[in-house]
Amino acid sequence: MSRAWAAPRQLHHFDLCARSQPPDVVAESGPAVDPRRFRSTGRSRPPTGGAPEVAEYAPRLALRAITGHLAHTRRGTTAWYRLAPRPWSMRADQDREAMMSSIGLALAQLPDRWLHWRVSWRPYPAAQWARRHDEWATPLPDQPAATSWEQHLVGQQQRALTSPKAIKDVYLGVEINRGRAWISALADQMTSRGGDRGRGRWSGRRSGRWPGLQGVWGRFVDGELDALDDEIRAVDTVLSGALGGEPISAPDMLQLLYRSCALGLPAETVMPAAPTTDWETSDLAAVDQLARWTADPYAPVVQVSGTAAGQRVTRHVLIASLGRMGEIDVPGVDLPWMTVPDRLAAPIEWSARMRVLPDEHASRSLRHVAARVEAQQRHYEHDHGLHAPPDLARRIELAAQVRDELDTDHTGLSARCEGWWRLAIPATTERAALETFDQVRHLYHPKIAVERCEAQYQLAREFIPGEPLATTAYRRRMSVRHAAMAVPMTAELIGDDHGPLVFTSSATGRPIAWDPWHDMDTRQVSGLTPIIGTLGSGKTFLMGTLAAQAVRSAGAYVTLLDPSGPLIRLTELPELRGHARAVSLLDAPAGTLNPFTMITDPQRRTYRDDPSGDTAYRRDLDTTQAQRAALVISVLTQLLPAAIRRDGQVQQLLLHAVNQIGHGPDHDLTEVLSALRYTSGGGDRLASSLGPILSTSGPARLLLGTPEQEIWSAGTDRLLVLSTRGLTPPREDVDQQDWSLDEQLSLPLLHLAAWLAYRRVYELPRAAPKLMGFDELRWLSMTSTGRTLITQFARDNRKYRARVLIAGQLASDVLKLGGDKSGDKSGDESGLAALCHDVFVGRTTDEAAQADALRLLRIPTGIGYEAHLGELSATTHPTAGLAADAPREFVWRSGEACEGVQLDVTGDHFDGLRQALDTNAARAGD
Amino acid sequence: MIMLSRSDDELYSVQGRYLGPPGRTLLWQARYIAYVIWAGYAFVFVVVRQQLSLLPGLAGYAVVALAAVIATVATMRHVSVERPPSAVLAMFLAELRTPRHTPPPSPTVAVSDPRNVAVHLSVPHLPAPQVSGSRLSESRLSGPDLSGFWER
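From a predicted model like this one, the values you see are computed outputs, not experimental measurements. (Residues numbered from 1 in each chain as written. Chains lettered and ligands numbered in written order. Predicted model: local features only at pLDDT ≥ 70, side-chain atom pairs only at ≥ 80, totals over all residues. Heavy atoms only, no water.)

1. Remarks on the interface of chain A and chain B
Right, on to step 1. If you look at the interface, chain A gives 56 residues, while chain B gives 42 residues.
Right, on to step 2. A buried area of about 4400 Å², summed over both sides, lies between chain A and chain B, and 53% of it is on carbon and sulfur atoms.
Right, on to step 3. Three residues, His384(A), Arg395(A) and Arg477(A), lead the burial of chain A against chain B; their summed loss comes to 13% of the area buried on that side.
Right, on to step 4. Inspection of the region where chain A meets chain B yields six salt bridges.
Right, on to step 5. Glu10(B) is the partner of Arg394(A) in a salt bridge, and the nearest nitrogen-oxygen pair spans 2.7 Å.
Right, on to step 6. At the boundary of chain A with chain B, the tally comes to 27 residue pairs in polar contact (both at pLDDT 80 or more).
Right, on to step 7. Ranked by the residues each element gives to the side of chain A that touches chain B, the list is headed by helix 10 (residues 359-384) of chain A, at 10 residues.
Right, on to step 8. Here the side of chain A that touches chain B is composed, by residue class, of 26 nonpolar, 14 polar and 16 charged. (Contact = heavy atoms within 4.5 Å. Buried area = accessible area lost by both parts, 1.4 Å probe. Salt bridge = Lys/Arg side-chain N within 4 Å of Asp/Glu carboxyl O. Polar contact = N/O pair within 3.5 Å; in protein donor to acceptor, adjacent residues only side chain to side chain. Helix = DSSP H or I, 4+ residues; strand = E, 2+ residues; numbered from the N terminus. Nonpolar A, V, L, I, M, F, W, Y, C, P; charged D, E, K, R; others polar.)

2. Here's the deal with the state of the cysteines
Right, on to step 1. Scanning the entire structure with this criterion turns up zero disulfides over all chains.
Right, on to step 2. With no disulfide of its own, Cys836(A) lies closest to Cys898(A) among cysteine sulfurs, the gap being 13 Å. (Disulfide = S-S within 2.5 Å.)

3. Section: helix 11 (residues 390-408) of chain A
Right, on to step 1. With 19 residues, helix 11 of chain A should reach 27 Å at 1.5 Å per residue; the first-to-last C-alpha distance of 27 Å fits that figure.
Right, on to step 2. By the burial criterion, the buried members of helix 11 of chain A are Leu392(A), Arg395(A), Leu398(A), Ala399(A), Val402(A) and Leu406(A). When helix 11 of chain A is viewed along its axis, its buried side chains cluster within an angular range of 115° and face the same direction. Residues of helix 11 of chain A that are exposed and point over 90 degrees away from its buried face: Pro390(A) and Asp407(A).
Right, on to step 3. In this structure, the buried side of helix 11 of chain A is in contact with helix 10 and strand 13 (416-427) of chain A together with helix 1 (9-12) of chain B. (Expected span 1.5 Å × (residues − 1). Buried < 20%, exposed > 50% of the residue type's maximum accessible area, 1.4 Å probe, protein only. Arc of directions from axis to C-beta.)

4. What about unusual backbone geometry?
Keep in mind that most residues, glycine aside, have a negative phi and that most peptide bonds are trans.
All names here are of chain A.
Right, on to step 1. Cis geometry marks the peptide bond from Val330 to Pro331, where omega comes out at 10°.
Right, on to step 2. Along the chain, the position of Pro331 falls in the loop between strand 11 (328-329) and strand 12 (349-356).
Right, on to step 3. The omega angle of the peptide bond from His445 to Pro446 is 0°, so this bond is cis rather than trans.
Right, on to step 4. Along the chain, the position of Pro446 falls in the loop between helix 12 (430-444) and strand 14 (448-452).
Right, on to step 5. The backbone of Tyr474 shows a phi angle near 60°, a positive value even though the residue is not glycine.

5. Remarks on the side chain of Ser120(A)
Right, on to step 1. With respect to the element layout, Ser120(A) can be found in strand 4 (residues 114-122).
Right, on to step 2. Once residues within four sequence positions are removed from consideration, Ser120(A) is found in contact with Ile167(A), Lys168(A), Asp169(A), Arg259(A) and Glu349(A).

6. Quick look at the environment of Ser688(A)
Residues and elements named next belong to chain A.
Right, on to step 1. Relative to the helices and strands, Ser688 resides in helix 21 (residues 683-693).
Right, on to step 2. Residue classification places Ser688 among the partly exposed positions, given a relative accessible area of 48%.
Right, on to step 3. Residues Ser688 and His445, 243 residues apart in the sequence, show an inter-C-alpha distance of 75 Å.

7. A few points about empty space enclosed by the protein
All names here are of chain A.
Right, on to step 1. This structure, assessed with the given rule, holds 12 cavities of 30 Å³ or more.
Right, on to step 2. Approximately 140 Å³ is the volume attributed to the largest cavity.
Right, on to step 3. Thr147, His152, Ala548, Gln549, Arg552, Leu573, Glu575, Leu576, His909, Phe910, Gly912 and Leu913 together form the lining of the largest cavity.
Right, on to step 4. If you list the elements that add at least two residues to the lining of the largest cavity, you get helix 16 (539-554) and helix 28 (911-917).
Right, on to step 5. Partitioning the lining of the largest cavity into residue classes produces five nonpolar, five polar and two charged. (1 Å grid on protein atoms, 1.4 Å probe; cavity = no way out; pocket = protein on both sides within 12 Å on 5 of 7 lines; lining within 4 Å. Points joined across faces, edges and corners; volume = space filled by probe spheres on them.)

8. Structural notes on the confidence of the model for chain B
Residues and elements named next belong to chain B.
Right, on to step 1. Residues with a pLDDT of 70 or more make up 70% of chain B, whose mean pLDDT is 79.
Right, on to step 2. This stretch, residues 131-152, has a pLDDT under 50; its non-local contacts, to residues over four places away or in other chains, come to 13 contacts.
Right, on to step 3. ipTM for the predicted complex: 0.75, alongside a pTM of 0.81. (pLDDT = per-residue confidence, 0-100.)

9. So, the nonpolar core
Residues and elements named next belong to chain A.
Right, on to step 1. Residues Leu694, Leu703 and Phe774 are the most contacted members of the largest nonpolar core, which totals 90 residues.
Right, on to step 2. Considering each element in turn, this core owes the most residues, 12 residues, to helix 22 (residues 741-763).
Right, on to step 3. With residues up to four places along the chain from it excluded, the contact list for Leu703 reads Gly591, Leu593, Asn594, Pro595, Leu639, Leu669, Leu694, Leu745, Leu749 and Leu752.
Right, on to step 4. Within the second largest apolar cluster, 62 residues are counted, among which are Leu110, Trp117, Val235 and Cys417. (Core = buried A, V, L, I, M, F, W, Y, C linked by side-chain atoms within 4.5 Å.)

See below:
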């Protein structure tokens, strides 16, 4: 595909006017005068009253035109690319090293070209998100005296726009053969003399007054331009590889020019339309006039004044340069050196000009510097008999090393490059800019020096594409390998930009949207989601927030099992009024947790109406009934005293009794007890043992009988919180023989409550989004019925669109599920944990637990990430507990992505949610 | 692959010093570039001295040499490996070309709003001007009081 080169025909306009007009003359169009009016009189030009001379517009920029992703100046052309973001945090070192090597090799393929790196930031596209989210969401109807859906969306957008640096844009401009630019301009002038100025690429070059000459030029220019086309295609290919560069689009080019010409000003949330990729010279007025740049003599900053969001704004922008670099170790110790300031709140931008030196150039340069050093050493020792400074000998050795590296290393990463790296630090005042500059210096200390110098205005101009280098001061020389360690395009790649804004990135504050069902629907991944963390790490807060957002935005059916009580208050949120119900299981009707009713028989009508449907139905019915029998036997086994439970005959007797009464859902445990009493071989003894614990006066009444109706309303209850408050979980580190009756009873009741929640999934419409949240994973994973339930979760959640959140304190509880129960760590990957697409890990302090949590997150252990888990949510005051507004930080693994995130429920529209989930009893007023 | 990496900064940071002719070590040590800058300053100062006819005689040359030394020392404070003299000069010139912030000029002619003058006139049957109260009060304070004139 040939590239459009129409824009250079504009070049001559500038050439003509630049000689006669000051550069900031504003173009005005004069009245149109028809030249034919004068032809009729026989005069070529009127003596008076002719067309007024119009001052052509000449931008103050070096840019003269843009064609597609090519930016033309009078000195040459630069092809601009937007580089794909790359994940960095929580990655294995070998992955990072491979990425840096591939970037270095890509750079090495662009020798002797000036490269212009530009790193910029833009706010979160909140308006687009809100529009998409509104289309996707099925919110609950607005309630009186509650935050309406519209207010909710507005609040979410306001919250998302608090950070000016939500999205990182990394652009790379690659110089296309500079020497040929004059050909474009010359051919354009000849074309325009021919009078054909209105059509596309070089369309008029063969027409005109001198067709023969034009034809010669046309062929010559054609050949040159075809050669440039081939060159651009080659650069495109290199950039599309490891760097993930795509030719910059029209909106991105506009964004780049806006962020450059209005350097430091607040970013526009709504950009002007960018309908075309071609910019003529006069079009550049759109960005040229964006801001006025001034600076006082030798001032430390440049003042940029312009308008943003309809208001006059002035920013003080300090331009710093990277100074001398010491020895760095990326990724072992140091961050990629162009991402170090990312952690600061200020949207610090980068502009770097660099080129990879051809080998012969680099060798010549090294020989020259080595000769200088040797001459200096000779001057000391031979000419004056003095001891040369020791650093001279060290430099000679270094030069030899580098030359040897160049000669022997054939990977391409030893190629040398040179460049200038500048940072633009914007602030509202000069003092604030200087303070941020100090922070940047401290961040780089002691490995890399950060320098500030005079000529701030000219240095700031470097950030604009096409502008020349202001000064050769602070030139950096390094290998391509060293340059590749900059990795400026690292960013957080997590979330799906689809659902509610639940999280923000811990590193940059970028809002992260997550729709719990999007990946399940589109990528067929498991919805089983462990949430791991110590006490107070925010597990319940996360579960409650996800639940409330799911109900609020998606109208999802949410069932939460709440052992301690705070989640009940979610049902009192005014926004969920009429759609939420809290049920205390201890107050529920008798038979609510009847194990026979926990598993629902399949419905015949859901199968095909033919013999194959019959077969499938009977098979599933048999499976269900067997599972029901197993559940009943398991519950009864748990209710037996530990000493009796170990008897080998127990399982046989229980199975016999259950088989006697049948496997249907219309039975209950009293029938099993009766059957046991008439079973020979010890059945009577078992029935007697079960008698005390199955007393109808205690919580055991939940197991006996059949409830008349469900405890929830299938039509209206979107949020159902099943509270098990009052049950006494067994004490840890106490032998089961020493458990009290309450403790012994509580375990099967907790399990059956989970089964009850899961039964709701089967009864709801299959296509409806569902979310279940279970706390106390530890108790679920202790017994076979609990593990069976989790296996069921893992197997069925995708088919029923059920996102299952299981919270626990120890990752080992998840790791041992479905895998090697002996605790052998090598078996982790084959277990249930490997199926989990999403995992959240909060603060974890115990060393063994940290290692397990990293294994669950599929993060390499033993390289320092353990300590990071202990620092999550570290803003908590040790005596105050987690404040309602304190960030709950988690490491979130979602498929291949893994990032540090924090739960974000700031904003007035989340007042109710924050209060409901505040676990601080004193503050909550409990 | 070893990822510990260093730049070539140290390699290129050599600053050549001229110690003097072989075997005759000078009392001072200065970079080669300092001598070049000194020569430049000395030439300029000599021309200036010659044009202004200042300090005739050998003493004048001595003063020029000393002044050049002082200027060179001052200049070399801004010159380093990171900031070669050409870059320092370029940045100096860039500072000269930098646009300066100029406050907007104060108005030289004040045009009063006719309504501010009219509001205070007690002319019957004229509709009251539609202006805000604050503007009225300002006009009362600043405008001429003509009520007595009209009543007369």
